[in-house]
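Okay, here's what each chain looks like letter by letter:
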Amino acid sequence: MAPPLDCVLLIQRHRELLLRLIEPSPAPLLRALHDCGLLAQPEYFALLETKPKTNQVIALLERVSQRPGDSQKFLEELTKLQDVYSPELQQWLQESYLVEEGKGECPPSQPVSTSKPSTLSRLKFWKNSKKYKFPTKSAEEEKSEALHFRRPQSRQLKAALQSYRRSLLTRTERLCTNVDDTESCGHIEIRYTDLLLSDSPRSAPTSHDYLQVASRRTRLYSFHAPRRLALRQLFSSMPGESSCPGRVMLSGAAGIGKSIQVQKILHDWALGAAFQGFLCLLDFSFRELSLIKEPLSLKDLIQNKHPHLSGVLSELLDWPGELLVILDGLDEFRHPLENKNGCLKIDQPAPVQDLVCGFLHGTLLPESTILVTSRPSASLPEDLFDRHVIILGFQEEQVKEYFFRFFRDPERATAVLGYISAHEGLVSLSFIPLYCFILCTALADFFPCAGLREASPPSTITEVYRQYLCTILRPYQPPLQQAGGSSRALGKARDLVMQLGRLAYAALLRGKILFYADELRGFGFDPQNLPGTFLNRIFSKEKDEVYYFFHLTIQEFLAALYSVAILDNSAGELASCLDLWWDGKAQEEDGVGERLPPPSEGSEDGLLNTTREFLSGCHQWDNLQMFSRFFMGLLTSRREGRLVGLAGDLSGETFVPLSEWLGKKIQYESDRRLLSLLHCLAELRQDEVTQKVASKLDEVDLFKVTLNPADCAAVAYVLGCSEPKMVRNLNLSYSNMGIGGLRRLQGLLHRCATLQLRYNSLGCEAAVIEAEVLKSPQCRVKRLLFCGNCLTSEGVRSLWDALRNNATLEELYLDITGITDSGLDNILDSLMGNTTLKLLTIVGNRLSQGGRQILSELSRKKPELKIISSFLSDMGLLQAYLDWVEEIKADLEQMESVKNADALRSVLEVLAESDDPDASQEAWEKAEKLRKEITALLREEKEEESGHCSVLLA
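Residues numbered from 1 in each chain as written. Predicted model: local features only at pLDDT ≥ 70, side-chain atom pairs only at ≥ 80, totals over all residues. Heavy atoms only, no water.

Considerations on the environment of S906
Here comes step 1: By the element assignment, S906 lies in helix α41 (residues 900–913).
Here comes step 2: Measuring from C-alpha to C-alpha, the distance between S906 and V843 comes to 9.9 Å, with 63 residues separating the pair along the chain.
Here comes step 3: Excluding residues within four positions of it along the chain, S906 makes contact with I816 and G844. (Helix = DSSP H or I, 4+ residues; strand = E, 2+ residues; numbered from the N terminus. Contact = heavy atoms within 4.5 Å.)

In structure tokens, the structure reads:
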């Protein structure tokens with residue numbers, strides 16, 4: 001039977017009263033109505049964007065008054081949320097709705113409850129409205145979380161928390177609040193996109209933040225199921241854990257979303273949608289804490305930041321176990337954290353660093369839960385935290401969601417995404433949210449609603465950032481001067497750009513990311529006269545006392561832009577600057593890196609003098625990798641006249657010392673430093689320079705360097721310019737390059753005398769690709785190492801077939817490649833005609849007695865071919881595998897980088913089946929030692945994995 005119309009009439013009769021009582025905080029009710037299905041997502045988003053809040057409530061009341069069922073659901077959800085609103089509303093519900101309900105005039109509803117309702121229904125939005133399925137908790141766990149702090153609260157505390165929640169909603173509802181425009185800002189419910197969180201030990205920083213997280217996410221995400229967490233599980237106990245974590249570290253690269261995660265936690269708690277196990281959340285940023293100069297107590301600290309709680313602090317702090325304290329941005333704290341005792345009493349004045357140490361070491365509010373966010377560069381003892389969570393950024397679907405949310409036009413978003421996907425260098429940026437913002441801003445003008453413009457969009461990282469800067473600087477130009485387009489935007493704002501660039505360069509060489517007013521004045525800025533709010537997307541301020549660049553890469557780009565702009569046209573100083581960046585040698589000074597030195601009078605007479613003035617410390621190159629790529633790209637921009645008004649054209653003489661310097665370095669470097677040089681050449685995009693440099697490249701050793709598609713594209717570009725030179729050794733083992741990376745390099749592999757592709761999680765297609773390489777008339781491959789890939793029998797048969805006519809390959813390594821007896825079906829026919837193959841290793845594969853007989857027959861018919869099919873038959877091979885196990889023990893990240901655990905299990909299985917009566921006693925002893933070492937390593941890996949007690953995504 002259809003519900004009666006009394007609920008509709010009730011809302012209509014009391015419309016003005018409901019408007020007045022709901023208007024102060026409509027957000028929790030809107031969220032609840034969305035979660036219960038009454039408001040579809042477009043309706044929900046439209047209401048959130050309606051301004052002012054009065055109009056939100058007017059539109060909502062109109063919407064729910066149209067159908068009796070909707071009006072009834074509205075009153076039911078309002079009843080569940082009555083604690084959020086004033087006593088007057090609660091009284092109205094009791095007298096006008098719930099009493100009437102008892103008389104039967106409205107359908108049955110839930111009675112008034114003085115305790116907080118379960119958050120289970122409101123979590124439906126979190127679970128179902130997005131495309132990603134997070135692990136869920138049982139209803140009992142949710143209920144336990146929601147009712148965790150059900151102790152009697154005074155009326156004053158309830159009122160203060162209600163007021164505090166409303167203030168938090170206002171403070172956290174807008175995303176990217178330091179960017180003051182309607183396109184880039186938006187309601188957090190509309191613009192927020194989930195990030196990939198991984199419950200994982202924090203690794204020590206080894207390079208640039210962006211490059212480190214790109215490497216780690218490639219290892220984890222491409223070939224393993226990361227130990228993933230939903231944001232709402234951050235403080236929950238996992239299966240096998242006896243308690244919830246008390247100290248949590250949330251780390252991630254600059255711009256990857258740490259502060260936005262904090263904002264989302266605060267917003268969801270204030271909405272009543274998650275984190276309801278905490279009575280109150282207290283958040284502090286280290287930028288704010290750094291500004292505190294005088295000693296103060298914890299009570300003073302809370303009152304200064306959260307005045308709504310000042311009257312109830314004593315009662316609130318009596319329940320420390322029900323508080324969540326959030327400390328955001330540890331890497332930006334200007335004080336050392338050395339006092340492990342910290343502050344012990346909540347009303348005891350102490351230096352701010354002692355308060356922070358008190359939180360971290362548990363001497364201040366020891367029962368409270370602490371969340372710390374930081375870039376990986378911050379160093380704290382690992383055992384200080386119960387849980388380490390890293391932010392790995394966006395997955396592919398989340399990148400798409402972000403672009404659709406940014407443009408709000410599906411066709412436009414699709415066009416931009418299609419363009420980015422065709423350029424590996426741009427794709428490599430998109431997993432970091434703030435990079436996505438920069439990409440969207442830079443490319444927006446090239447993809448208007450009407451279609452693609454005639455102008456070519458930027459295709460390199462350097463050109464994206466140059467376009468982004470030009471776009472932001474447009475408001476700085478008088479209207480009549482904007483007609484020149486973005487190509488002249490930098491020149492119109494030359495003084496500002498050069499000032500910011502000089503500051504950025506000095507700070508980059510000193511390792512600084514925050515600046516204070518006196519430092520700005522030393523660099524020629526008057527903090528009171530900085531341009532308007534549009535500049536926030538380049539350079540921002542916090543409370544008029546601390547300043548920072550919008551993102552670390554913006555600082556790096558401006559530093560590179562300044563360096564290129566002041567570079568002497570003859571470029572005689574360029575090689576010296578490159579050496580300084582590479583080696584970082586400078587005089588040691590007391591207090592290095594604490595404060596920036598002001599520029600000396602007349603010091604801006606060239607790049608070399610400026611570099612000498614600001615350089616501090618050694619080993620600069622690892623931290624200057626993005627800067628160096630921008631620098632190379634901007635050299636080309638200046639040469640091609642795209643820095644009009646900022647710097648004059650650059651002559652070709654500049655590139656002579658550059659090519660000589662790169663040529664010397666590239667001959668002797670390996671690992672990440674070699675990859676960095678290859679990226680510099682790829683960003684420079686000067687084919688004549690690359691040809692000269694590549695002609696000196698005899699070996700490309702990227703062993704254990706994790707490669708993403710952009711890395712493979714850089715390798716392919718440089719090697720492509722070296723045609724037809726043969727590469728003596730291309731070592732891409734343990735690179736996690738994947739089949740996409742191999743495809744990118746396919747056209748160059750035939751020129752490698754030794755090709756190492758070990759342990760890359762490659763499959764059958766990789767064997768087919770390499771078979772085509774071996775069939776090529778131009779093939780020069782003599783040694784092919786394919787160990788540790790799952791080539792399968794089908795893939796290996798294609799390799800045997802390719803060797804029928806191949807006349808170059810001498811050694812083939814196929815250990816642990818998933819070969820079974822069927823993989824040997826064509827080996828006899830294929831290899832009988834081959835005249836060059838001298839060595840074949842095929843151990844670690846599941847071959848039966850029949851398969852071993854085929855290999856024995858091949859060995860008998862081709863005595864010149866040495867076949868190693870058993871560990872026991874070759875002492876050198878046994879020792880090599882023992883050395884491999886020792887390498888893994890010394891660097892346990894190898895266990896997550898590729899499928900080493902699977903490979904080790906395969907070796908164990910083969911060792912168990914080894915039966916070679918001709919093997920020596922020494923071989924048997926080494927084999928037994930190898931078995932024990934692998935067994936212990938796998939046991940340790942299993943214990944470590946279970947220790948994390950993580951839940952995988954559905």
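Notes on the packing of aromatic side chains
Here comes step 1: Counted by the stated rule, this structure contains 33 aromatic pairs.
Here comes step 2: Residues F515 and F539 carry aromatic rings whose centres are separated by 6.2 Å and whose planes lie at 35° to one another, so their mutual orientation is tilted. Taken together, the residues span a long stretch of sequence, with F515 in strand β10 (residues 514–516) and F539 in strand β11 (residues 539–542) at a distance of 24 residues.
Here comes step 3: Taking the relative accessible area as the measure of exposure, F539 reaches 3% and is therefore buried.
Here comes step 4: On the numbers, 6.1 Å between centres and 15° between planes, the contact of F539 with Y547 is stacked.
Here comes step 5: Taking the relative accessible area as the measure of exposure, Y547 reaches 1% and is therefore buried.
Here comes step 6: Here the aromatic residues F394, Y402, F403, F406, F407, F437, Y468 and F550 are joined through ring pairs into a cluster of three or more.
Here comes step 7: A cation over a ring is seen here: R165 above W269, with NZ or CZ 4.0 Å from the ring centre.
Here comes step 8: Over the face of the ring belonging to Y516 we find R334, whose NZ or CZ atom lies 4.0 Å from the ring centre. (Phe/Tyr/Trp six-rings, centres within 6.5 Å; stacked < 30°, edge-to-face > 60°. Buried < 20%, exposed > 50% of the residue type's maximum accessible area, 1.4 Å probe, protein only. Lys NZ or Arg CZ within 6 Å of the ring centre and 35° of its normal.)

Re the side chain of H306
Here comes step 1: Here H306 lies in the loop between α15 (298–305) and α16 (313–317).
Here comes step 2: The exposure class of H306 is buried, given its relative accessible area of 2%.
Here comes step 3: Among the polar contacts made by the side chain of H306, one reaches the main-chain carbonyl oxygen of D283 at a distance of 3.3 Å. (Polar contact = N/O pair within 3.5 Å; in protein donor to acceptor, adjacent residues only side chain to side chain.)

Considering the pattern of salt bridges
Here comes step 1: All told, the structure shown has 36 salt bridges when counted by the stated rule.
Here comes step 2: Ionic pairing is found between K725 and D698, a salt bridge with its closest N-O pair at 3.9 Å. Of this pair, K725 sits in the loop between α33 (709–721) and β14 (727–731) while D698 sits in the loop between α32 (687–694) and β13 (699–701), and the two are 27 residues apart along the sequence.
Here comes step 3: Among the residues examined, K725 registers a relative accessible area of 25% and is labelled partly exposed.
Here comes step 4: One network of salt bridges, with partners in common, ties together R31, D35, E189, K264 and D268. (Salt bridge = Lys/Arg side-chain N within 4 Å of Asp/Glu carboxyl O.)

Describing helix α13 (residues 258–271)
Here comes step 1: Over its 14 residues, α13 runs 20 Å from end to end, which matches the ideal 20 Å to within 8%, given 1.5 Å per residue.
Here comes step 2: Extensive coverage of α13 is indicated by the burial of twelve of its 14 residues.
Here comes step 3: By the burial criterion, the buried members of α13 are K258, Q261, V262, Q263, K264, I265, L266, H267, D268, W269, A270 and L271.
Here comes step 4: Among the residues trailing α13, G272 stands out with phi positive, at a value near 80°. (Expected span 1.5 Å × (residues − 1).)

Describing the packing of helix α29 (residues 625–639) against helix α31 (residues 671–684)
Here comes step 1: One can describe the packing of α29 onto α31 by two numbers: an axis separation of 7 Å at closest approach and a directional angle of 25°. The angle between α29 and α31 falls in the class roughly parallel. The two elements α29 and α31 meet at a crossing, and its hand is right-handed. Within the contact between the two elements, α29 uses Q625, S628, R629, M632, G633, L635 and T636 and α31 uses R672, S676, H679, C680, E683 and L684.
Here comes step 2: A class-by-class count of the residues in the contact of α29 with α31 yields four nonpolar, six polar and three charged. (Axes fitted to C-alpha atoms, helices over the stretch in contact; angles between N-to-C directions. Parallel < 35°, antiparallel > 145°, perpendicular 65-115°, else oblique. Left-handed = near helix turned anticlockwise from the far one by under 90°. Nonpolar A, V, L, I, M, F, W, Y, C, P; charged D, E, K, R; others polar.)

Let's talk about the pairing of strand β12 (residues 546–549)
Every regular strand shows the same layout, with side chains that alternate between the two sheet faces.
Here comes step 1: Residues V546 and Y548 line one face of β12 and the alternating positions Y547 and F549 line the opposite face, and both faces are buried.
Here comes step 2: Direction of pairing for β10 relative to β12: antiparallel, over a ladder of three bridges. Bridge assignment links F515 to a residue of β12, and that residue is Y547. (Pairing = 2+ DSSP bridges.)

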